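This is what each chain is made of:
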Amino acid sequence: MAESESGADKSEEPTEKRIRESREKGQLARSKELNTVAVTLGGIGGLLASGGSLAGSLMAIMQGGFELSRETVLDESAMVRLLMSSGMIALEAIMPLLIVLLIVSIIGPISLGGWLFSAKSMAPKASRMNPGPGLKRMFSTKALVELLKALGKFLVVLAVALAVLSAYQDDLLSIAKQPLDLAIMHSAEVVGWCALWMACGLILIAVVDVPFQLWDNKQKMMMTKQEVRDEYKDSEGKPEVKSRIRQLQRDAAQRRMMQAVPEADVVITNPTHFAVALKYDGSKGGAPMLVAKGGDFVALKIREIANEHRVTVLESPALARAVYYSTELDREIPAGLYLAVAQVLAYVYQLRQYRSGKGKRPDPLNNLPIPPDLRRDE
């Protein structure tokens, strides 16, 4: 089980955030052996595929370089043209191999861990110049694994090389008896196939190294229980910060609610414990809406604002409690309270008419029809 610098066991699986941050820092599972195998096999495969044309191009360069006429030797411009011509022949011959090497050098690294460009991993760090961590890495488990891999590569390549040389012994001896042009092409073919078989031996090392690199990278990302808790706090927010944010949100909502009280048609009270402010807009249709509500101190504040702006305040404990408990802020009242609220609004309208001298004083409201399922006792 991995341990952190503080000595705590890293027993927890890495979170998505830890994986994302590790990737941003360039900490991915990478296998040098897989890259080596990919480049080696790609290079040798390209050599085998283009070996014949490459050997022919080399022979053409050698023939052109040694079969020179007296006029060509004495002509400086001709020598320059010969050099440029030889260079172009060599470039055309080796270009397919270079393209193959470029492709496999890209595919090899991204086949394990995927494509990643991280500026953080390339940024200079003073800690990398500290000899202490370097010495620690020299005597770490990973250094021991690297040493065993190097020894394993040597033994595998040696064993494969001996087996391949033994298998191609007759071919190698027969090259000495062949004409020069055939000997060159035959040599390139034998060398290519010998190198291919030896490179295949490196696949065994890569097969062992890839799972180890995946395991090692996961161990580096493992987390302690405390790290998981700290990350959860950072992502979800510390309790005291969340509490403060909620308080600010409540204060902002309450200020908006108080700003809506002067626009209300009526404020219905308990009379002291609850207060609800209702507004009805006949042009929009629908039911009356609850624009403000509160208990105790908030209820007192609603009544004060209503009195300041001459909004009708009506005492109806049963209706005030029913609206308070059944209706959310900025929502229409439930259908069960339509009749009771309609009577209240009619009373408010008649009261306004009376105060303006256009009607008689309305009778007080008594026994408003509130359904039993919406009634709330004190």
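Residues numbered from 1 in each chain as written. Predicted model: local features only at pLDDT ≥ 70, side-chain atom pairs only at ≥ 80, totals over all residues. Heavy atoms only, no water.

> Any chance you could explain the overall build of the protein chain here in plain terms?
If you tally the helices and strands in the protein chain, you get 14 helices and four strands. Taking all 378 residues of the protein chain together, 29% fall into the buried category. Sequence separation of at least 24 residues holds for 73% of the intrachain contacts in the protein chain that already meet a minimum separation of 6. Just so you have it, the protein chain exposes about 24700 Å², and 61% of that area is on carbon and sulfur atoms. (Helix = DSSP H or I, 4+ residues; strand = E, 2+ residues; numbered from the N terminus. Buried < 20%, exposed > 50% of the residue type's maximum accessible area, 1.4 Å probe, protein only. Contact = heavy atoms within 4.5 Å. Areas by Shrake-Rupley, 256 points an atom, 1.4 Å probe, with all protein chains shown as cover.)

> Is there a simple way to think about the pattern of salt bridges in this case?
Pairing between side chains of opposite charge can happen when their charged atoms approach one another. Applying the stated criterion to the full structure yields one salt bridge. A salt bridge links D265 to R352; the nearest nitrogen and oxygen atoms lie 3.8 Å apart. Linking D265 in the loop between α11 (239–260) and β1 (266–269) with R352 in helix α14 (residues 338–355), this pair joins segments that are 87 residues apart in sequence. (Salt bridge = Lys/Arg side-chain N within 4 Å of Asp/Glu carboxyl O.)

> For this particular structure, what's the right way to read the sheet that holds strand β2 (residues 274–279)?
The strands making up a sheet are joined through hydrogen bonds of the backbone, oriented either antiparallel or parallel. Read from one edge to the other, the open sheet built from four strands follows the order β3-β2-β1-β4, with strand pairing classed as mixed. Each edge of the open sheet carries a strand with a single partner, namely β3 (289–295) and β4 (312–315). On average, each strand axis in the sheet is inclined to that of its neighbour by 20°, with strand direction left out of account. Against the sheet, helix α13 (residues 317–326) touches β1, β2, β3 and β4, its axis set at about 75° to β2. Running over the sheet, α14 touches β1, β2 and β4 and is turned about 130° from β4. (Pairing = 2+ DSSP bridges. Axes fitted to C-alpha atoms, helices over the stretch in contact; angles between N-to-C directions.)

> Got a minute to help me understand a nonpolar patch on the surface in this structure?
Together, M88, L91, I94, M95, L98, I99, I103 and I107 make up an exposed nonpolar region whose accessible area comes to about 670 Å². Along the chain, I103 falls in helix α4 (residues 76–110). (Patch = residues over 30% accessible without salt bridge, like charges linked within 9 Å, V, L, I, M, F, W, Y side chains within 5 Å.)

> Would you mind going over the environment of H273 with me for this structure?
You can see H273 is positioned in the loop between β1 and β2. Residues H273 and A320, spaced 47 residues apart in sequence, show a C-alpha to C-alpha distance of 9.5 Å.

> In this structure, what is going on with the pairing of β1? I would like to understand it.
Regular strands have side chains that alternate between both faces of the sheet. Both faces of β1 are covered, namely the face carrying V266 and I268 and the face carrying V267 and T269. The pairing of β1 with β2 spans four bridges and is antiparallel. What sits directly across from T269, in β2, is A275. Between β1 and β2, which pair antiparallel one after the other, the connecting turn spans four residues. Summarising the sheet, β1 and β4 pair through four bridges and their orientation is parallel. By the bridge assignment, T269 is partnered in β4 with E315.

> Would you mind showing me how to read the pairing of β3 here?
Among the seven residues that make up β3, five are buried, leaving the element largely enclosed by the rest of the structure. Direction of pairing for β2 relative to β3: antiparallel, over a ladder of six bridges. When the sheet's bridge partners are listed, A277 is paired in β3 with A292.

> I keep staring at the environment of A163 and nothing clicks. Help me out?
For A163, the position within the fold is in helix α7 (residues 141–167). Among the residues examined, A163 registers a relative accessible area of 48% and is labelled partly exposed.

> Explain the environment of W193 here, please?
Topologically, W193 is positioned in helix α9 (residues 180–221). Using a relative accessible area of 34% as the deciding quantity, one classes W193 as partly exposed. Taking the C-alpha atoms as reference points, W193 and I44, 149 residues apart in sequence, are found 8.0 Å from one another. The contact partners of W193, leaving out residues within four places of it in the chain, are L48 and Y168.

> Looking at this structure, I do not really get the UniProt feature "transmembrane region" (unreviewed entry) in the protein chain. What am I missing?
Annotation from UniProt places "transmembrane region" (unreviewed entry) at residues 37–61, 97–119, 147–168 and 190–215. Strand forms 0% of residues 147–168 and helix 95%; the C-alpha atoms that close the span are 31 Å apart. Measuring from the first to the last C-alpha atom of residues 190–215 gives 39 Å, for a span that is 100% helix and 0% strand. (UniProt positions renumbered as here; feature names shortened; annotations may be inferred.)

> What should I look at first to understand the packing of aromatic side chains in this one?
For any two aromatic rings, the description comes down to two numbers: the centre-to-centre distance and the angle of the planes. Inspection of every chain in the model, using the stated rule, returns four aromatic pairs. With a centroid separation of 5.7 Å and 65° between ring planes, the pair formed by F274 and Y325 is classed as edge-to-face. In this pair, F274 sits in strand β2 while Y325 sits in helix α13, placing the two residues 51 residues apart along the sequence. Look at F274 and you get buried, because its relative accessible area is 11%. Overall, Y325 belongs to the partly exposed group, its relative accessible area being 43%. Directly above the aromatic system of Y324 lies the positively charged group of K293, at a separation of 5.0 Å from the ring centroid. (Phe/Tyr/Trp six-rings, centres within 6.5 Å; stacked < 30°, edge-to-face > 60°. Lys NZ or Arg CZ within 6 Å of the ring centre and 35° of its normal.)

> What is the right way to read unusual backbone geometry from this model?
When glycine is set aside, most residues are seen to have a negative phi, and most peptide bonds are trans. The backbone of D296 shows a phi angle near 55°, a positive value even though the residue is not glycine. Here D296 lies in the loop between β3 and α12 (297–308). Residue R310 is not a glycine yet carries a positive backbone phi of 55°. Here R310 lies in the loop between α12 and β4. Overall, R310 belongs to the exposed group, its relative accessible area being 79%.

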